[in-house]
Amino acid sequence: MGITRRTKSVDLLLEEFQKDSGALSTTSLINRLNSEINKTTIYRVLDKLEDDGILHSFIGSNGIKWYAKCTDCSKHKHSDVHPHFQCLECGKVDCLPVEVPIPEIENRQVTASHILIQGRCKECLNSI
Ligand SMILES: [Zn+2]
Ligand SMILES: [Zn+2]
């Protein structure tokens, strides 16, 4: 995995993303890992992994920051302008593999977009 120096905290954090296919909020990561890694380290490692193109972040409801694995990013280029989906029943968030065209805006350069679509996920729809 490139130049990221593998430390124990990096390993532990990445393991959480391996277990879960969806996105994880900073709050739930802190809850899961706070016996092993302190909060400050969690934020620092997440920042670093995002810098390295391994994770990308976006803002969910209540202003909570979420992270998900990148598929095609590198240290030099993040290409995660896809929308994210949050299930209002179970709270699960995942990346949507669809493209949402971002309009050209005069005199502005778009470098990021945070589109959060909310509704019911597949599992919740099936359990009705
Ligand atoms: Zn759900
Ligand atoms: Zn995503």
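Residues numbered from 1 in each chain as written. Chains lettered and ligands numbered in written order. Predicted model: local features only at pLDDT ≥ 70, side-chain atom pairs only at ≥ 80, totals over all residues. Heavy atoms only, no water.

(A) Summary view of the coordination of the zinc ion (ligand 1). Around the zinc ion (ligand 1), the protein supplies Cys87 (SG), Cys90 (SG), Cys121 (SG) and Cys124 (SG) as donor atoms, at distances of 2.3 to 2.4 Å. Taken together, the four donor atoms coordinating the zinc ion (ligand 1) span angles of 104 to 114 degrees at the metal, a pattern that classifies the geometry as tetrahedral. The sequence pattern describing where the donors of the zinc ion (ligand 1) fall on their chain is C-x2-C-x30-C-x2-C. With Cys87 in strand E4 (residues 84-87) and Cys121 in the loop between strand E6 (116-119) and helix H4 (122-126), the pair connects residues that are 34 residues apart, well separated along the chain. Of the two residues, Cys87 and Cys121, neither departs from the other in class, the shared state being buried. (Donors = N, O, S within 2.8 Å, 3.2 Å for Na, K, Ca; no water. Tetrahedral: all angles 85-135°; square planar, octahedral: opposite > 155°, others 65-115°. Helix = DSSP H or I, 4+ residues; strand = E, 2+ residues; numbered from the N terminus. Buried < 20%, exposed > 50% of the residue type's maximum accessible area, 1.4 Å probe, protein only.)

(B) Broad picture of the coordination of the zinc ion (ligand 2). At 2.0 to 2.3 Å from the zinc ion (ligand 2) lie its protein donor atoms, namely His56 (NE2), His82 (NE2), His84 (NE2) and Cys95 (SG). Taken together, the four donor atoms coordinating the zinc ion (ligand 2) and their angles of 104 to 114 degrees define a geometry best described as tetrahedral. Each donor residue of the zinc ion (ligand 2) lies on the same chain, and together they follow the pattern H-x25-H-x1-H-x10-C. Of this pair, His56 sits in strand E2 (residues 55-59) while Cys95 sits in strand E5 (residues 93-95), and the two are 39 residues apart along the sequence. For His56, a relative accessible area of 3% gives the class buried.

(C) Seen up close, the pairing of strand E3 (residues 65-69). In terms of strand pairing, strand E1 (residues 24-25) meets E3 through two bridges, oriented antiparallel. The residue of E3 that forms the bridge with Ser25 is Trp66. Looking at chain direction, E2 and E3 are connected through five bridges and run antiparallel. Looking at the pairing, His56 lines up with Ala68 of E3. (Pairing = 2+ DSSP bridges.)

(D) Main features of a nonpolar patch on the surface. Together, Ile102, Ile105 and Val110 make up a nonpolar patch on the protein surface, roughly 220 Å² of accessible area in all. One can find Ile102 in the loop between E5 and E6. (Patch = residues over 30% accessible without salt bridge, like charges linked within 9 Å, V, L, I, M, F, W, Y side chains within 5 Å. Areas by Shrake-Rupley, 256 points an atom, 1.4 Å probe, with all protein chains shown as cover. Salt bridge = Lys/Arg side-chain N within 4 Å of Asp/Glu carboxyl O.)

(E) Looking closely at the packing of helix H2 (residues 26-33) against helix H3 (residues 39-51). It is the contact of H2 with H3, at a shortest axis distance of 10 Å, that shows an interaxial angle of 130 degrees. Our classification of the angle between H2 and H3 gives oblique. Of the two elements, H2 crosses H3, and the hand of that crossing is right-handed. Facing H2, whose interface residues are Thr26, Leu29, Ile30 and Leu33, H3 presents Lys39, Ile42, Tyr43 and Leu46. Looking at the contact of H2 with H3, its residues break down into six nonpolar, one polar and one charged. (Axes fitted to C-alpha atoms, helices over the stretch in contact; angles between N-to-C directions. Parallel < 35°, antiparallel > 145°, perpendicular 65-115°, else oblique. Left-handed = near helix turned anticlockwise from the far one by under 90°. Contact = heavy atoms within 4.5 Å. Nonpolar A, V, L, I, M, F, W, Y, C, P; charged D, E, K, R; others polar.)

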